[in-house]
Amino acid sequence: MAAGGAAEAQARFGHSVKGLLTEKVTSCGTDVIALTKQVLKGSRSAELLGQAARNMVLQEDAILHSEDSLRKMAIITTHLQYQQEAIQKNVEQSSNLRDQLSHLLK
């Protein structure tokens, strides 16, 4: 009987160890799945950060190009103002010449 009791105790112990082992394997599997999800999430985050950095570089280039265009437009505006002043002076001079010519023809 003692042998039967020992065998029964051993069987219970075996079931108990198997149960604990199953729990540990399940827990490890769950942890591996969570770790894999986190790695994939981190990889996606790195990908998004890289894309954001590329977009930022493109925006910076566009801003620099816009600044250059604005500088050129300011120069053109200044030149147009000089031309407008020159045209106004010419119009005034031609008006004076017309008056003088009119006075001479009288």
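Residues numbered from 1 in each chain as written. Predicted model: local features only at pLDDT ≥ 70, side-chain atom pairs only at ≥ 80, totals over all residues. Heavy atoms only, no water.

The name that an unreviewed UniProt entry assigns to the chain is BLOC-1-related complex subunit 7, with the source organism given as Aythya fuligula. According to the UniProt record, the Sequence similarities (unreviewed entry) comment for the chain is "Belongs to the BORCS7 family." Database annotation for the chain, UniProt heading Subcellular location (unreviewed entry): "Lysosome membrane". (UniProt positions renumbered as here; feature names shortened; annotations may be inferred.)

### Comments concerning the pattern of salt bridges
Using the criterion set out here, one finds three salt bridges in the structure. Among the salt bridges present, the one from Arg44 reaches Glu47, with a minimum N-O distance of 2.9 Å. Taken as a pair, Arg44 and Glu47 lie in helix α1 (residues 2-105) at a separation of three residues, close to a single helical turn. Residue classification places Arg44 among the partly exposed residues on the basis of a relative accessible area of 44%. Of the residues examined, Glu47 reaches a relative accessible area of 45% and is grouped as partly exposed. (Salt bridge = Lys/Arg side-chain N within 4 Å of Asp/Glu carboxyl O. Helix = DSSP H or I, 4+ residues; strand = E, 2+ residues; numbered from the N terminus. Buried < 20%, exposed > 50% of the residue type's maximum accessible area, 1.4 Å probe, protein only.)

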